[in-house]
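Commentary on secondary and tertiary structure
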Amino acid sequence: MYVAVVGLRVKDGSDSATQRDRAVQAARQLGVNLNTLDYQNGQRDIDRIVAGTTGKLKDQLAGQSKALLDRLTQTKARTTVSDPQAAVVSIDDDSAEIMVSMNATVTNEKVKNAAPQYWRLLMDLDRHGDRWLVSNMEMVP
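Residues numbered from 1 in each chain as written. Predicted model: local features only at pLDDT ≥ 70, side-chain atom pairs only at ≥ 80, totals over all residues. Heavy atoms only, no water.

Put simply, the rule is: UniProt positions are given in the numbering used here, feature names are shortened, and annotations may be inferred rather than shown by experiment.
An unreviewed UniProt entry annotates the chain as SnoaL-like domain-containing protein originating from Actinomadura rayongensis. You can read under Subcellular location (unreviewed entry) in the UniProt record for the chain the words "Membrane".

1. Topic: helix α2 (residues 42–51)
The following threshold applies: For the exposure calls, accessible area comes from a 1.4 Å probe over protein chains only, and a residue counts as buried if that area is under 20% of its type's maximum, exposed if over 50%, partly exposed in between. Going along the chain from the N terminus, every DSSP run of H or I of four or more residues is numbered as a helix, and every run of E of two or more is numbered as a strand. By definition, the arc is the one covered by directions from the helix axis to the C-beta atoms.
The complete set of buried residues in α2 reads Gly 42, Asp 45, Ile 46, Ile 49 and Val 50. Projected onto a plane normal to the axis of α2, the buried residues spread over an arc of 135° and lie on a single side.

2. A look at the side chain of Asp 38
This is how it is decided: Two residues form a contact once any of their heavy atoms are found within 4.5 Å.
Within the fold, Asp 38 resides in strand β1 (residues 37–38). The residues contacting Asp 38, other than those within four sequence positions of it, are Asp 45, Ala 77 and Arg 78.

3. Side note on the environment of Asp 130
Put simply, the test is: For this analysis, a polar contact is any N or O atom pair within 3.5 Å, provided that within protein one partner can donate a hydrogen and the other can accept it, and provided that sequence-adjacent residues contribute only side-chain to side-chain pairs.
Following the sequence through the fold, Asp 130 ends up in the loop between β4 (117–128) and β5 (131–139). On the basis of relative accessibility, which here comes to 51%, the residue Asp 130 falls in the exposed class. Placed 36 residues apart in sequence, Asp 130 and Asp 94 show a C-alpha to C-alpha distance of 9.9 Å. Apart from the residues within four sequence positions on either side, Asp 130 is in contact with Gln 19 and Arg 22. A polar contact of 3.3 Å, which involves the side chain of Asp 130, links it to the side chain of Arg 22.

4. Here's the deal with the pairing of strand β3 (residues 95–107)
What counts, and what does not: Pairing between two strands is assigned when DSSP locates at least 2 bridges connecting them.
For strand β2 (residues 78–91) and β3, the ladder comprises eleven bridges, and the chain directions are antiparallel. When the sheet's bridge partners are listed, Val 81 is paired in β3 with Ala 104. In this structure, the hairpin formed by β2 and β3 is closed by a connection of three residues. Examined bridge by bridge, β3 and β4 share ten bridges and lie antiparallel to one another. For Met 99, the partnering residue across the bridge sits in β4 and is Leu 122.

5. Topic: unusual backbone geometry
Positive phi outside glycine occurs at Lys 76, with the angle close to 55°. Position of Lys 76 relative to the elements: it lies in the loop between α3 (55–75) and β2. By relative accessible area, Lys 76 is classed as partly exposed at 33%. In this structure, Asp 83 is a non-glycine residue whose phi angle is positive, near 55°.

6. Overview of α3
Spacing of three or four residues puts side chains on the same side of an α-helix, whose turn is 3.6 residues. The condition is simple: Multiplying 1.5 Å by the residue count of a helix minus one yields the expected span of that helix. For a residue, the bend is simply the angle between two axes, fitted respectively to the seven-residue segment ending there and the seven-residue segment starting there.
Between its terminal C-alpha atoms α3 stretches 30 Å, which fits the 30 Å expected from 21 residues at 1.5 Å a residue. The largest bend in α3 is about 45°, located at Ser 65. All of the buried residues in α3 are Leu 57, Leu 61, Ser 65, Leu 69 and Leu 72. Tucked into the core, α3 has its buried residues touching β1, α2 and β5. Positive backbone phi, at 55°, marks Lys 76, one or two positions downstream of α3.

Here it is as structure tokens:
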């Protein structure tokens with residue numbers, strides 16, 4: 001009987017750690033996706049962003065996708081990311097708050113050698129089965 005109880009506790013701890021890792025990875029990946037856009041693949045890039053979200057945020061981003069795609073194409077913009085980091089602010093079984101930071105560089109036909117800009121985003125995530133999706137985010141100074 002003691003072995004079964006210990007085994008259950010180990011499994012519960014492993015599941016918590018796994019969900020924590022999944023939440024952090026989902027937030028980091030959305031941050032990267034938000035700042036990795038290329039006018040030549042704009043629709044694919046935007047679809048990838050929308051796929052990582054849920055609720056009102058997903059509706060908002062989907063509603064703005066045509067305007068963003070038009071702007072990317074018009075300016076021939078590309079964005080790239082370096083040094084993406086993410087850390088848990090808080091987490092429970094079905095929700096998490098994750099801070100994401102990275103450097104993003106935007107280039108276009110007029111600006112060929114832009115300097116990286118530092119970004120920090122605070123993201124709220126909701127768990128849907130084994131997936132974590134971002135439901136809200138805000139820029140943090």
